[in-house]
Amino acid sequence: MPASPGRLCSLLLLLGFSLGSCSSLPPFDLLYADGGRAYFAQDWPRAAELLQRSLHSYARLQDARRQCQRGCQAEAGWAARPPLGQPWETGFFDRVLQRAECLEECLGRRLDGQPSLHRASAEIQQDFEEREPYNYLQVAFFKLKRLDEAVSSAHTFFVANPQHLQMREDMEKYQRMAGVKAESFRDLEAMPHWVAYEAGLHHYSADDYQQAVAELEESLGEGLLALQDCRALCEGLQEEEEEEEETQLGLYEAIAAHYIQVLKCRQKCVLDISTKPGRVSSVEDFIPSHFDLLQFAYDQVGNQALAAECAATYLLFYPSDERMLEKMKQYRTALGAEAPVVPREVIRSYVQRSLMEKKLIYYAVEHLGETFDDPDPWTPEELIPESMKAKHREDQERQRLEAPDMEQQQPQRQRGPLPFEGVTIAMDSQQLNGSQRVVLDRVLTESECKDVLRLAKAAGGSGDGYRGRRSPHTPHERFEGLTVLKALQLAEEGTVNWRDAKLLLQASEKSREIVESYFTPEKKLYFSFTHLVCRTAAEGEQEGRMDLSHPVHADNCLLDPEGNTCWKEPPAYIYRDYSAILYLNDDFQGGNLFFTEMDAVTVTAQVRPKCGRLVAFSSGGENPHGVWAVTRGRRCAIALWYTTSPEHSEQERAQAEELVKQKEAEQEESHLDDKENAEAGRSTGDSPEPPAPKGRARSAGRRSKQHSESGVQSKGQQTRDEL
Ligand SMILES: *[C@@H]1O[C@H](CO)[C@@H](O)[C@H](O)[C@H]1NC(C)=O
């Protein structure tokens with residue numbers, strides 16, 4: 001076989017020749033491997049060049065695939081019938097072969113070489129999807145003193161890997177570093193639709209509808225393009241997975257199986273585009289919700305014709321949505337009979353195509369033993385096979401019964417893997433017999449739990465701000481609470497270990513990110529209040545205790561068991577949206593958390609605390625909860641509340657973070673330490689080991705003004721804030 005330019009090129013590359021002499025696109029995985037070698041040899045200029053080229057090559061390959069799928073699709077006329085007298089099979093395969101040829105030719109042309117050269121292993125493919133090359137790249141750029149590129153590479157990686165602790169430390173250092181500009185923190189792989197979507201929501205909630213309309217239209221347009229790209233790539237990426245099994249299948253079975261895989265992949269694309277990089281959950285109903293927002297915004301800016309068009313388009317997804325039908329009626333009346341209202345054509349064909357795909361997939365589910373997690377909540381009932389329907393209805397009914405306050409709630413869909421290595425979902429809402437609840441394990445390691453417990457103990461012993469007192473809820477327990485800021489202040493005074501206090505801060509931030517990622521994929525969560533709380537059974541007096549350690553309550557509303565409702569009004573903390581408890585130990589008796597119905601007596605689920613277990617739930621009337629009596633020993637946990645409104649975010653938190661920043665700036669001259677950086681590329685982020693304290697600064701007096709202010713604030717809150 002004659003050496004193709006592509007093969008020759010890779011050969012040259014492997015032999016270490018300069019890449020400038022290659023005209024064809026070098027395979028990205030070879031460039032990546034060579035870049036990695038240069039990196040570990042600390043040849044920074046070469047590492048930076050090769051890694052950049054690998055990213056470039058990867059981007060061009062993806063682009064070529066998309067272009068070719070699109071180009072070849074246009075040529076294949078699927079609707080055409082086979083010539084008379086020929087069996088349908090011949091006509092069908094004739095087109096299949098033509099299309100395969102078209103793709104092969106197109107890719108070869110665009111890549112200047114053989115398409116097969118560009119097939120990388122699944123592992124490397126995944127590295128690129130997770131933006132791993134940027135992790136190496138930032139170090140190489142830093143070594144080369146190309147700060148702007150170092151920071152943008154680091155930021156690009158961090159956006160998709162917010163759990164990466166080494167990178168977090170690096171980011172913090174970059175932020176403190178002199179000469180780093182705010183503009184350098186940019187996402188080089190930013191998806192245009194997310195940028196526009198977030199801007200759109202921002203303007204929308206600020207009642208700036210003119211701007212909201214512009215941004216949301218852009219986000220919709222870009223989102224649909226991203227969807228198209230994602231779908232196009234579905235045809236090429238199945239090669240590796242299924243091969244072994246399919247060798248057992250006959251022609252038609254194999255084709256059917258492969259085709260269904262491609263259809264499922266295409267259907268799943270809607271989740272891909274509605275999941276922000278670095279998040280677990282997707283934004284529900286990403287495309288339909290655009291039209292809901294747009295119809296309202298257009299109406300607000302006085303453009304009823306477009307408002308009506310958007311309402312009509314929304315109805316393509318939910319044809320019997322009463323609220324929207326009502327609006328439609330109003331628009332029609334306002335516009336008059338001469339102005340017919342037509343939904344958007346691009347969405348009409350999107351819905352039609354999606355329904356056709358679903359139909360085929362559901363056929364395979366029913367008759368070929370396939371499985372399918374439909375990503376869309378709007379799929380009409382009549383499309384779903386009877387066998388799946390019963391289950392579907394059950395789920396919906398349960399959701400309705402258990403979340404009467406949340407009309408908008410849709411059945412919860414399966415979520416992807418958590419972006420936190422090691423953390424596992426132990427129970428979801430369904431297993432917890434409710435809605436908007438989750439239990440996650442391994443958020444902290446055993447040794448981290450010990451460190452935080454040591455902090456609680458040391459702070460308790462200090463007699464400073466962490467006084468054991470009787471529980472406000474029961475005379476049989478002692479109750480102690482410590483805020484993050486107080487812990488850091490005690491550390492500054494030298495009363496507790498600085499590292500333990502910082503761990504409390506880090507553990508609460510990690511929990512915040514997990515809860516945000518799990519429950520609010522499109523919104524940021526802010527801290528509302530955080531404290532470390534221990535409750536200890538008093539000696540004696542425990543026989544036959546009937547009281548609770550914490551009576552049943554909901555976190556953001558006043559529970560009214562008689563009225564079977566929950567009043568969202570002060571003095572409840574109405575702006576709290578999510579609650580979480582991170583447990584530290586299990587060596588005590590009693591003390592289980594439990595959920596009840598709105599009647600405050602019917603227990604629906606129980607959770608046993610243990611080290612590293614995080615329970616999180618929405619703070620409303622759908623989640624009344626309490627704590628059984630602690631009858632022996634001491635139960636410690638970090639209690640956390642979050643809000644989606646920045647104006648209600650906790651001031652103390654900002655002070656605590658500021659304190660850490662100052663302290664660390666004192667401790668180190670602003671530079672990235674060499675050892676840490678050499679490791680940055682390979683660090684997996686699963687051992688949240690905070691940096692060892694580098695000496696104990698005693699500057700307790702300096703911030704004393706803030707101390708007293710925050711002390712007052714937290715004391716006022718404490719009585720109702722424990723859990
Ligand atoms: C959910 O309810 C079932 C049936 O009542 C019960 O067996 C199960 O323990 C409950 N789940 C939890 C986590 O308590």
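Structure's up top.
First, a word on what this report is: a plain description of the structure on this page. Given the structure is predicted, the values throughout are model-derived calculations rather than measurements.

**Some details on the overall build of the protein chain**
Okay, step 1: On a plain count of helices and strands, the protein chain comes out with 23 helices and 15 strands.
Okay, step 2: For the protein chain, the proportion of its 723 residues judged to be buried stands at 49%.
Okay, step 3: Of the contacts made within the protein chain by residues no fewer than 6 positions apart, 75% connect residues no fewer than 24 positions apart.
Okay, step 4: With an accessible surface of roughly 34,600 Å², the protein chain has 52% of that area assigned to carbon and sulfur atoms.

**Points about the state of the cysteines**
Okay, step 1: Applying the stated criterion to the full structure yields seven disulfides.
Okay, step 2: Cys230 shares a disulfide with Cys269; S-S distance 2.0 Å. Where Cys230 bonds to Cys269 through sulfur, the torsion about that S-S bond is close to -80 degrees, and the disulfide is left-handed. In this pair, Cys230 is assigned in helix α10 (residues 209-233) and Cys269 in helix α12 (residues 251-273), connecting sequence segments 39 residues apart. When sorted by exposure, Cys230 lands in the same class as Cys269, which is buried.
Okay, step 3: Residue pairing for Cys449: its cysteine sulfur links by disulfide to Cys611, the two sulfurs lying 2.1 Å apart. Residues Cys449 and Cys611 share a disulfide whose torsion about the S-S bond is about 95 degrees; that sign makes it right-handed. Taken together, the positions of Cys449 in helix α18 (residues 446-462) and Cys611 in the loop between β12 (603-607) and β13 (614-618) put the pair 162 residues apart, joining distant regions of the chain.

**Topic: the nonpolar core**
Okay, step 1: Among the nonpolar cores identified, the biggest contains 47 residues, and Val515, Leu532, Leu614 and Ile638 are the most heavily contacted of them.
Okay, step 2: Among the elements that make up this core, the one with the highest residue count is helix α20 (residues 498-519) (10 residues).
Okay, step 3: By size, the runner-up hydrophobic cluster in this structure holds 42 residues, among which are Cys234, Tyr318, Tyr331 and Tyr350.

**Quick word on α12**
Okay, step 1: Taking 1.5 Å of rise per residue, the 23 residues of α12 would be expected to cover 33 Å, and the 34 Å separating its terminal C-alpha atoms lies within 8% of that figure.
Okay, step 2: The sharpest bend along α12 measures roughly 25 degrees and falls at Gln267.
Okay, step 3: Of the residues making up α12, those classed as buried are Ala254, Ala257, Ile260, Gln261, Val262, Leu263, Lys264, Arg266, Gln267, Cys269, Val270 and Ile273.

**Considering the pattern of salt bridges**
Okay, step 1: Under the defined criterion, the tally for this structure stands at 28 salt bridges.
Okay, step 2: Note that Arg231 and Glu357 form a salt bridge whose closest N and O atoms lie 2.6 Å from each other. Of this pair, Arg231 sits in helix α10 while Glu357 sits in helix α16 (residues 345-367), placing them 126 residues apart in sequence.
Okay, step 3: The class of Arg231 is buried, set by a relative accessible area of 13%.
Okay, step 4: By relative accessible area, Glu357 is classed as buried at 6%.
Okay, step 5: Residues participating in the shared-partner salt-bridge network are Arg66, Arg70 and Asp229.

**Digging into the site of the ligand**
Okay, step 1: Taken together, the residues surrounding the ligand are Met427, Gln431, Leu432, Asn433, Thr604, Ala605 and Gln606.
Okay, step 2: Within the backbone of Gln431, a nitrogen or oxygen atom sits 3.4 Å from a nitrogen atom of the ligand.
Okay, step 3: A distance of 3.1 Å separates an oxygen atom of the ligand from a polar backbone atom of Gln606.
Okay, step 4: Contact with the protein chains removes 41% of the 360 Å² of surface that the ligand exposes when unbound.
Okay, step 5: In terms of residue class, the shell around the ligand is made up of three nonpolar, four polar and no charged.

**Comments concerning the environment of Leu316**
Okay, step 1: Mapped onto the elements of the fold, Leu316 is located in helix α14 (residues 304-317).
Okay, step 2: Separated by 35 residues in sequence, Leu316 and Val351 have C-alpha atoms that sit 7.3 Å apart.
Okay, step 3: The contacts of Leu316, once residues within four sequence positions are left out, are Pro343, Arg344, Ile347, Arg348 and Val351.

**Details of the packing of aromatic side chains**
Okay, step 1: Summed over the entire model, instances satisfying the criterion amount to 28 aromatic pairs.
Okay, step 2: Between Tyr32 and Phe128, the ring centres sit 4.9 Å apart and the planes meet at 70 degrees, which makes this aromatic pair edge-to-face. Taken together, the residues span a long stretch of sequence, with Tyr32 in helix α2 (residues 28-40) and Phe128 in helix α5 (residues 122-129) at a distance of 96 residues.
Okay, step 3: A relative accessible area of 9% places Tyr32 in the buried class.
Okay, step 4: For Phe128, a relative accessible area of 6% corresponds to the buried category.
Okay, step 5: On the numbers, 5.2 Å between centres and 90 degrees between planes, the contact of Phe595 with Phe617 is edge-to-face. One end of the pair, Phe595, is in strand β11 (residues 593-596); the other, Phe617, is in strand β13, and 22 residues separate them in sequence.
Okay, step 6: A relative accessible area of 0% means that Phe617 is categorised as buried.
Okay, step 7: One residue, Lys524, lies across the ring of Tyr526, its end atom 5.4 Å from the ring centre.

Reading the values: the criteria
Residues numbered from 1 in each chain as written. Predicted model: local features only at pLDDT ≥ 70, side-chain atom pairs only at ≥ 80, totals over all residues. Heavy atoms only, no water. Helix = DSSP H or I, 4+ residues; strand = E, 2+ residues; numbered from the N terminus. Buried < 20%, exposed > 50% of the residue type's maximum accessible area, 1.4 Å probe, protein only. Contact = heavy atoms within 4.5 Å. Areas by Shrake-Rupley, 256 points an atom, 1.4 Å probe, with all protein chains shown as cover. Disulfide = S-S within 2.5 Å. Core = buried A, V, L, I, M, F, W, Y, C linked by side-chain atoms within 4.5 Å. Expected span 1.5 Å × (residues − 1). Bend = angle between axes of the 7 residues up to and from the residue. Salt bridge = Lys/Arg side-chain N within 4 Å of Asp/Glu carboxyl O. Near = heavy atom within 4 Å. Polar contact = N/O pair within 3.5 Å; in protein donor to acceptor, adjacent residues only side chain to side chain. Nonpolar A, V, L, I, M, F, W, Y, C, P; charged D, E, K, R; others polar. Phe/Tyr/Trp six-rings, centres within 6.5 Å; stacked < 30°, edge-to-face > 60°. Lys NZ or Arg CZ within 6 Å of the ring centre and 35° of its normal.

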